Amino acid sequence: MNIAKVVVDVPASQTNRLFDYLIPEYLIGTVRPGMRVVVPFGPRKIMGFVLELTDQSDFDKLKKISEVMDVIPVLTPELLELGKWISEKTLSFYISAYQAMLPQVLKAKYKKELLRLTKEELPDLLEEIFAHRDTLAYEEFVERQGSLAALQKAMQEGLIEVRYLVKTRETKKTETMIKANRNFMDLEAAIAELPPQASKQKEILSYMADNSEPVSQKKLCSILGTTRATIKQLIEKGLLTEYHQEIYRNPYEDEDYERTFPLELTEEQADAIAPIQEDIAAEKHDVFLLHGVTGSGKTEVYLQSIQKVIEKGKEAIVLVPEIALTPQTVQRFKGRFGSNVAVLHSALSAGEKFDEWRKIQRKEVQVVVGARSAVFAPFENLGIIIIDEEHETSYKQEDHPRYHARDVAIFRGDHHNCPVVLGSATPLLETYARAQKGVYQLLSLTKRMNNASMPTVDLVDMRQELHAGNRSMFSWKLKEAIEDRLAKKEQTVLFLNRRGYSTFVMCRDCGHVVECPHCDIALTYHRNNERLKCHYCSHEEPMPVQCPSCQSETIRYFGTGTQKVEESLTKLIPNARIIRMDVDTTRKKGAHEKLLNQFGNGEADILLGTQMIAKGLDFPNVTLVGVLAADSLLHLPDFRAAEKTFQLLTQVSGRAGRHTLPGEVVVQTYTPEHYSVELASQYDYPSFYRKEMEMRRAFHYPPYFFLTLITVSHQNQVKAIEVTKKITLLLNNELSPQASLLGPTPSPLTRIKDRYRYQCMIKYRNEPGLSKSIRKILAMFEEEIRQNDLLINVDMQPYQLM
Ligand SMILES: Nc1ncnc2c1ncn2[C@@H]1O[C@H](COP(=O)(O)OP(=O)(O)OP(=O)(O)O)[C@@H](O)[C@H]1O
Ligand SMILES: [Zn+2]
Ligand SMILES: [Zn+2]
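Residues numbered from 1 in each chain as written. Chains lettered and ligands numbered in written order. Predicted model: local features only at pLDDT ≥ 70, side-chain atom pairs only at ≥ 80, totals over all residues.

Would you mind showing me how to read the overall build of the chain here?
Within the chain one finds 25 helices and 33 strands. Taken against the 2.2 N^0.38 rule, which gives 28 Å for 802 residues, the C-alpha radius of gyration of the chain at 30 Å falls within 12% of a compact globule. Expressed as lengths along the three principal axes of its C-alpha atoms, the size of the chain is roughly 100 × 75 × 55 Å. For the chain, the residues scored as buried account for 43% of the 802 residues in total. Within the chain, contacts between residues separated by at least 24 positions form 72% of all contacts whose residues are at least 6 apart in sequence. (Helix = DSSP H or I, 4+ residues; strand = E, 2+ residues; numbered from the N terminus. Rg over C-alpha atoms; globule rule 2.2 N^0.38 Å. Buried ≥ 20, exposed ≤ 12 C-beta atoms within 10 Å, placed from the backbone. Contact = placed C-beta atoms within 7 Å.)

Below you can see the structure in the form of structure tokens.
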């Protein structure tokens, strides 16, 4: 097969197809699907992925592949298939889908070199090219008949390795190795020949004679108390050789993991794990929803399922939300499976990520724990995929390609005939609905370990506080509770929601929030013209001067930041030691962990923070959780606001009283009667589910209806509006009468970085031609997108409606 079908690195609709290239004679048989190649494209040379090989082409004058970038394919046949599927589902380009699956290092053009890993002679052809050197710039590697095939073989045998030279501090992660040059001269004889005063040199040589393995220069210096200069003399004499060896950048190296062993499962856990393990044994694909209250031992179910998978010689992917990927979480997997675990998350440097990825590619590990993109781990023998906290919105990528990790996991689980386990204390409504319909299998853990009770939740009505004369942001109840913990030397977690922006208008007197009469979402306050607008439909009204419900004049814009809260807390309880955790205090690498460690060590009484402290934390001394303003989440312009509030309140409450001390939760709110606040305080997920489903049905939202969100942005406001209008008109002609089209309206965040954003939304049940219609419309704007700095984003499954 001498023709390669290639996806080229030009993200545009005309080039979103396969291009045929001739494989040069000397590369036939070695170019394989999943490799990256360099191909001529117009006047340029660009990168592309080989998707298929064939003998036939509809074109007769084919250009030749100029260069191969990989020796071993970076994408497996399964991932190549998956990429096509993703690009179709998310309306993105093939090239974006494939790029999304690879670590950063493989996306950019990094310099490569070949590294000799053996002291033995290489096969003739290669030794000739290497010319007895230990490293070779990749460009020097002559691609000629059979050379690439020989290289592929040598790599598989572990004789040679490709090293990517990452131009940042990561390049430092090689070490200088010293080895004896035995072939040149016998070491003992050399020692005898050295002058008596060269005692250090003699010591080094006899060490090398005694130890046949190469040793790092650093180690040699520290064992023998010698210096680089002394070693260098021996190198110059030709007795020793130095070479550079890559050391894995292991970010978790320094922490030693205490080995843990499988716990005896409780009856509930045993019932939950049985069907998962049956699937593993039978190589069967099902999707399970593991619905377990916080602290019910879901992780142990994951661990013991993975154990079974490992025993079968297969592999496991575990996804956790980025912010929950703390040392605590990593510890639980490393503790059980040790070095059989790779960890992938965004806090790692590009080089570190690449190292972890290669452990997976080379099958050096059987388990990967990581954030969203770890779902693309290039395992070829998957036995299970687990998504913890499956309701988290971070599983959806908010950039091209806009895939959801759950969908990808199910695609891969189906391909590999293995179970997919979605775990949560507060499943996404859509997920729970599928479990109710039997599409997913529901497994439940209803009790906390040791039958510990859930912490009691007190709802404090902030309207009454105001009426009673308390104008501070802390209720008397919360203040007392914090002081009580200080006296008892127990700890408090205070939570303030600052995700997104508080944009709604609320009456402090009665808690009334101004909502859209058509969409069941809060209206958004626009400061410039003092108006309230709906971001789904086009409804708008003036900013009221009085509360429409109680006529009070205390109706205003809602929102405070963590810094302000910290200031007033310090005034209120001056002797409290506070750690504040938000985007400002955690910007530096490692800051997040450091703050948590300080809190864990008891260096503070109060941990005050945003979303980032809501999950995964497990501190035995925390007995009080305070939620400062439950409302700020409840009134985001998002139809999932009630659901997100329920999830968050449940998660935050779950942080208290996880061990022996009982926990208490104080939730401050202006709307204690709202069903999501009330039902979260009772830990009543099933009732919340029923209530929320009614709302979704009534207002035509998922899971009853599908949504597609189209966002247009441009520096010029008029232009942005114009294009959005045009798209809406075009769509109107394409959609069936059953679909509804909302917009154009300004996006909730109408202006970001000087770009104006407008949107339209489609609500539909069955619109089989929708993807095609949208692609057609996008193609019409392509020229403008390229020349005019216009952006059009299509989200087929929006989660982030801001
Ligand atoms: N079978 C068991 N026997 C004894 N202890 C257990 C068992 N299973 C789990 N545990 C312990 O119970 C505690 C809570 O379990 P775990 O953290 O796994 O719960 P979870 O459901 O994942 O909680 P969350 O959703 O809050 O993260 C942990 O300390 C864990 O070690
Ligand atoms: Zn509306
Ligand atoms: Zn009012």
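Can you walk me through the sheet that holds strand β27 (residues 606-609) in this structure?
Strands sit in the order β19-β29-β28-β20-β27-β26 across an open sheet of six strands; the sheet is parallel. The open sheet has two edge strands with one neighbour each: β19 (456-461) and β26 (578-581). Ignoring which end each strand starts from, the neighbouring axes of this sheet average 15° apart. In this sheet, β27 lies alongside β26 in parallel orientation, the contact comprising four bridges. Paired with Ile-578 across the bridge in β27 is Ile-606. Sitting on the sheet, helix α21 (residues 641-653) touches β19, β20 (491-495), β28 (622-627) and β29 (664-669), and the angle it makes with β28 is about 155°. (Pairing = 2+ DSSP bridges. Axes fitted to C-alpha atoms, helices over the stretch in contact; angles between N-to-C directions.)

For this particular structure, what's the right way to read the sheet that holds strand β15 (residues 367-370)?
Strand order in this open sheet of seven strands is β14-β15-β13-β16-β17-β12-β18, and the pairing throughout is parallel. At either margin of the open sheet sits one strand with a lone partner, and together these are β14 (341-344) and β18 (441-445). With strand direction ignored, the average angle separating the axes of adjacent strands in the sheet is 15°. Both strand β13 (residues 315-319) and β15 contribute to a ladder of four bridges, which runs parallel. Bridge pairing links Ile-317 to Val-368 in β15. Across the sheet, helix α10 (residues 267-282) is in contact with β12 (287-292), β16 (382-388), β17 (420-424) and β18; its angle to β18 comes to roughly 150°.

How do you make sense of unusual backbone geometry when you look at a structure like this?
For the bond from His-400 to Pro-401, the omega torsion is -10°, close enough to zero to count as cis. Its location among the elements puts Pro-401 in the loop between β16 and α14 (405-416). The omega torsion across Pro-702 and Pro-703 is 5°, close enough to zero to call that bond cis. Note that Pro-703 resides in the loop between α23 (685-698) and β30 (706-714). Positioned with a positive phi, Gln-551 is a non-glycine residue whose angle comes to about 65°.

Looking at this structure, I do not really get the site of ligand 1. What am I missing?
Around ligand 1 lies a shell of 16 residues, among which Thr-294, Gly-297, Lys-298, Thr-299 and Glu-300 are the nearest. For the shell around ligand 1, the leading source of residues is helix α11 (residues 298-311), giving three residues. Its residues assigned to classes, the shell around ligand 1 shows four nonpolar, nine polar and three charged. (Near = placed C-beta within 6 Å. Nonpolar A, V, L, I, M, F, W, Y, C, P; charged D, E, K, R; others polar.)

What should I look at first to understand the nonpolar core in this one?
Grouped burial of nonpolar side chains is what soluble globular proteins tend to show. Grouped together as the largest cluster of nonpolar side chains are 93 residues, with contacts concentrated most on Val-6, Ile-317, Val-318, Leu-319, Val-367 and Val-368. Leaving out residues up to four positions away in the same chain, Leu-319 has contacts with Gly-370, Ala-371, Arg-372, Ala-374, Val-375, Ile-386, Ile-387, Asp-388, Tyr-395 and Ala-405. (Core = buried A, V, L, I, M, F, W, Y, C linked by C-beta atoms within 7 Å.)

How should I be thinking about α10 in this particular structure?
Residues that lie three or four places apart on an α-helix share one face, since the helix turns once every 3.6 residues. In this model, α10 (16 residues) spans 23 Å end to end at C-alpha, consistent with the 22 Å of a helix rising 1.5 Å per residue. Taking the largest bend as the criterion, α10 deviates by roughly 30°, centred on Ala-274, and proline Pro-275 comes between one and four positions later. By the burial criterion, the buried members of α10 are Gln-269, Ala-272, Ile-273, Ile-276, Asp-279 and Ile-280. Turning to α10, the residues buried within the fold contact β12, α11, β16, β17 and β18. (Expected span 1.5 Å × (residues − 1). Bend = angle between axes of the 7 residues up to and from the residue.)

I would appreciate a short explanation of the environment of Ala-433 in the present structure.
The topology assignment puts Ala-433 in helix α15 (residues 429-436). In this structure the C-alpha to C-alpha distance between Ala-433 and Ala-137, which are 296 residues apart in sequence, comes to 56 Å.

What exactly am I supposed to notice about the packing of helix α7 (residues 199-210) against helix α9 (residues 228-236) here?
Any two packed helices are characterised by how steeply their axes cross, that is the angle between the axes, and by the distance between the axes. One can describe the packing of α7 onto α9 by two numbers: an axis separation of 10 Å at closest approach and a directional angle of 70°. One way to sum up the angle between α7 and α9 is to call them roughly perpendicular. Where α7 abuts α9, its residues Lys-200, Gln-201, Ile-204 and Leu-205 lie against Thr-230, Ile-231, Gln-233 and Leu-234. Looking at the contact of α7 with α9 residue by residue, the class counts come to four nonpolar, three polar and one charged. (Parallel < 35°, antiparallel > 145°, perpendicular 65-115°, else oblique.)

Just checking my understanding: could you explain α23 for this structure?
For α23, spanning 14 residues, the distance from its first C-alpha to its last is 20 Å, which sits close to the expected 20 Å at 1.5 Å a residue. Turning to α23, its buried residues number three or more, namely Tyr-685, Phe-688, Glu-692 and Arg-696. Down the axis of α23, the sector holding all buried residues measures 65°, keeping them to one side. Pointing more than 90 degrees away from the buried face of α23 are the exposed residues Pro-686, Ser-687, Arg-690, Glu-694, Arg-697 and Ala-698. Structurally, α23 contributes buried residues whose contacts are with α15, α21 and α22 (675-681). (Arc of directions from axis to C-beta.)

Help me understand the environment of Ala-487 in this model?
Mapped onto the fold, Ala-487 is located in helix α17 (residues 476-488). Here Ala-487 falls in the exposed class, since 8 other C-beta atoms lie within 10 Å of it. In the structure, Ala-487 is positioned 285 residues away from Lys-772 in sequence and 65 Å away in space, judged by C-alpha atoms.

When you look at the environment of Gln-361 in this model, what are you seeing that I'm missing?
Here Gln-361 lies in helix α13 (residues 350-361). In this structure, the C-alpha to C-alpha distance between Gln-361 and Thr-76, residues 285 residues apart in sequence, is 9.7 Å.

Can you walk me through the confidence of the model for the chain in this structure?
Detail in the predicted coordinates should be disregarded across regions flagged by low pLDDT. Mean pLDDT over the chain: 87, with 95% of residues reaching 70 or higher. Looking at the elements of the chain, mean pLDDT is at its lowest for strand β8 (residues 160-165), recorded as 77, and at its highest for α14, recorded as 98. The model gives residues 167-172 a pLDDT under 50, and that stretch makes six contacts with residues more than four places away or in other chains. Among the scores for the predicted complex, ipTM is 0.95 and pTM is 0.80. (pLDDT = per-residue confidence, 0-100.)

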